[in-house]
Amino acid sequence: MTQEPVYPPPEPYTPNFLRRIRRGLYSWFGLLNEWDFRIPVGALRFMGLNLLLVNEPAAVRQVMVSEVEAFPKHPYMLWILEPLIGRGIFAVNGEEWAQQRRLLDQAFQMAQLQRVMPQMAAACQASLARLEAQVAGDLVAGRSVDADAEMTLVTADVIVRTILSRSLEGAEAEAIFAAFTRYQKRAGRALMLRLLRLPRRRLQGYLARDAAPIRAWLAAAIDARLNAPAAHTPGDLLAALIEARDPETGACFSREQLLDQVCVLFLAGHETSASALGMAVYLLGCFPEVQQRLRAEVLEVLGSRAGAPDRPLGFEDLRQLSYGAAIFNETLRLYPPLSFFSRESQANTELAGSRCPMRALVTISPWVIQRHEQHWSEPNAFRPERFLSDANADDRRWARDAFLPYGLGPRKCPGAAFAQQEALLVLAELVRRFEVLPDPEHEPELVARLTLRSRNGIRVRLRARS
Ligand code: HEM
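All values reported here derive from a predicted model rather than from experimental measurement.

Q: How should helix α8 (residues 200-226) be read in this particular structure?
A: Along an α-helix, residues three or four apart share an orientation, since each turn contains 3.6 residues. For α8, which comprises 27 residues, the first-to-last C-alpha distance of 34 Å sits more than 12% below the rise-based estimate of 39 Å (1.5 Å per residue). Remark: the principal bend of α8, roughly 45°, maps to Ala211, with a proline, Pro213, within the next four residues. By the burial criterion, the buried members of α8 are Leu203, Gln204, Leu207, Asp210, Ala211, Ile214, Arg215, Trp217, Leu218, Ala219, Ile222 and Arg225. Summarising the contacts, the buried residues of α8 are in contact with α3 (75-85), α6 (147-164), α7 (170-195), α9 (237-243) and α10 (255-286).

What follows is the structure in structure tokens.
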């Protein structure tokens, strides 16, 4: 049996849903029972609302792929995100979503992965310099560093550099993160309180206070760009969003829609990656043999390609890191940053043999599915080998059928390749420069709100390599 990294074990079964909601006010994992990790579909009715948890892979595909139009995003999602992202792509449905997605896909195509590599590399080098400065001081004092805070900063810096062609550091970064941390906490609670039928407007008013500084900061950056002379505009993701035209209607994003999309990209683009990278660094500290193998792979790739072996890793180098990619996938399996998706059924139907009434709140949870006892062997163990090309047939099957950290179907994350590239770069450069060691006095306390984060940070010790 392989050693299991940290996770909050599910609570024993209780039919008392009110008690589960009370636990869910702190982290939505509180809604789950140990039973949920064994069954194909769970169903219950609470205050007139039908709630379903769908784990069975074929039923998951029915909801997210084959009958996607019959299961749009649940209105609760829009209600808790609207104060922050307005009617940005993440939470809207139907033609409104389809038009935004056509424009966004076009913008992503224009700002190709290879073109954003220099911005990613610059943010990564700035992060290594910050860590080096911190480690030099902390080694003397024997302190560990907060990898979670650093991963939040580097991923926000990457996304701000790629969207707006400028960096994000210091007091500005701190103010934005503080507002977002409060928003996360309150949004998680608002979702639970909405299940108890608290009025939508009151909940949204409560969230708008924390959303306001983030929206105002991004609005100022967009207005500056819209008012700048064309000759002075850089070729970044914001420029691509401004230029994108709907191939079907010729329409482009209005100023308000641009602001909503940039808010989505900033949040979807850095919160998720920060969550995953923080957990990946924690795992590297816990599993020295995995870290050693990654470092060996990085050095081999650098040695086998043209250029000095001490140069920064480039676009082509990252594509050779198959073990690195397996580590990141296994991290996403154990700690999916978006741990649940919620949909609303539009008609009476069936899911894996269970009745699904019209207007049911259908939840699909990568957290549950990716640790489900019927799917994965040793579901709570960290084994990157599951994602290598020579993995056994069972692992290959579940990696195909029960692994959905980026979602599935037409609403699948358009930033998945961006996130993989960024994560490999940050992890590979980190193990090149430092040895990551666990902090024996620290254990992350996982809480699931909008994203999965550690309430007490992720503390590791770093030893600089010569
Ligand atoms: C490890 C990092 C990431 C993870 C785990 C992740 C996960 C996801 C998931 C699960 C969804 C679909 C949610 C649902 O179906 O309800 C999604 C949607 C989305 N993601 Fe990501 N994401 C990541 C990084 C990024 C990045 C880097 C960007 C942008 C640069 C991005 C932009 C978006 C957008 C715009 C959507 C909405 C798509 C739509 O509704 O059509 N994500 N993401």
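We are not done yet, so read on.
Q: Quick question: what am I supposed to make of the pairing of strand β7 (residues 361-364) here?
A: The side chains of a regular strand alternate between both faces of the sheet. Residues Leu361 and Thr363 point to one face of β7 and Val362 and Ile364 to the other, with burial holding for every one of them. With three bridges joining them, strand β2 (residues 49-54) and β7 adopt parallel strand pairing. When the sheet's bridge partners are listed, Leu53 is paired in β7 with Thr363. Strand direction decides the pairing type here: strand β4 (residues 341-344) and β7, joined by four bridges, are antiparallel.

Q: Sorry, what's going on with the coordination of the iron atom of the ligand here?
A: As a benchmark, a tetrahedral metal site with four donors has ideal angles of 109.5 degrees, while an octahedral site with six donors has ideal angles of 90 or 180 degrees. The sole protein-derived ligand of the iron atom of the ligand is Cys413 (SG), positioned 2.3 Å away. By the secondary structure assignment, Cys413 is in the loop between α15 (393-401) and α16 (416-433).

Q: Mind showing me how you'd approach the sheet that holds β7 here?
A: Two orientations exist for strands paired in a sheet by backbone hydrogen bonds: parallel and antiparallel. One open sheet accounts for four strands, arranged β1-β2-β7-β4; its pairing is mixed. Each edge of the open sheet carries a strand with a single partner, namely β1 (41-46) and β4. Averaged over all pairs of adjacent strands, the angle between strand axes in this sheet comes to 20°, irrespective of strand direction.

Q: What am I meant to see in the nonpolar core here?
A: What tends to happen in soluble globular proteins is that the nonpolar side chains get buried as a cluster. Among the nonpolar cores identified, the biggest contains 158 residues, and Leu218, Phe266, Tyr335, Leu351, Ile364 and Trp367 are the most heavily contacted of them. Leave out the neighbours within four places in its chain, and Trp367 touches Tyr7, Pro8, Phe29, Leu32, Phe37, Leu334, Tyr335, Pro336, Ser339, Leu446 and Leu452.

Q: Before we go on, may I ask you to explain the sheet that holds strand β3 (residues 145-146) in this structure?
A: The strand order across the open sheet built from three strands is β3-β11-β8, with neighbouring strands paired in antiparallel fashion. Whereas interior strands pair on both sides, the edge strands pair on one side only; in this sheet they are β3 and β8 (434-438). Bridge analysis of β3 against strand β11 (residues 459-464) gives two bridges, and the strand direction is antiparallel. Counted as the bridge partner of Asp146 is Arg459 from β11. The strands that α16 touches are β8 and β11; relative to β8, the one it contacts most, it runs at about 95°.

Cut-offs and rules
Just so you know, the residues in each chain are numbered from 1, in the order the chain's sequence is written. Reporting of local features is limited, given that this is a predicted model, to residues whose pLDDT is at least 70; pairs of side-chain atoms are given and counted only at 80 or more, and all residues count toward the totals for whole chains, interfaces and linings. Excluded from the side-chain calculations are hydrogens and water; all other atoms, namely the structure's heavy atoms, are used. Starting at the N terminus, helices and strands are each numbered in turn, a helix being any DSSP run of H or I of at least four residues and a strand any DSSP run of E of at least two. What a helix is expected to span follows from its residue count: subtract one and scale by 1.5 Å. Consider a residue and the seven residues that end there alongside the seven that start there; fitting an axis to each set, the bend is the angle between those axes. Classification of residues uses two cut-offs on accessible area relative to the type maximum, computed with a 1.4 Å probe and protein chains only: under 20% is buried, over 50% is exposed, and between them is partly exposed. Pairs of residues are marked as contacts when any of their non-hydrogen atoms sit within 4.5 Å. In short, DSSP must find at least two bridges between two strands for them to pair. Only nitrogen, oxygen and sulfur atoms qualify as donors, and only when within 2.8 Å of the metal (3.2 Å in the case of Na, K and Ca); with water excluded, sites may look incomplete. Convention adopted: a line fitted to C-alpha atoms gives each axis, helices being fitted over their contacting stretch, and angles between N-to-C directions are expressed from 0 to 180 degrees. We define the nonpolar core as a collection of buried residues of types Ala, Val, Leu, Ile, Met, Phe, Trp, Tyr and Cys that are connected through side-chain atoms lying within 4.5 Å of one another.

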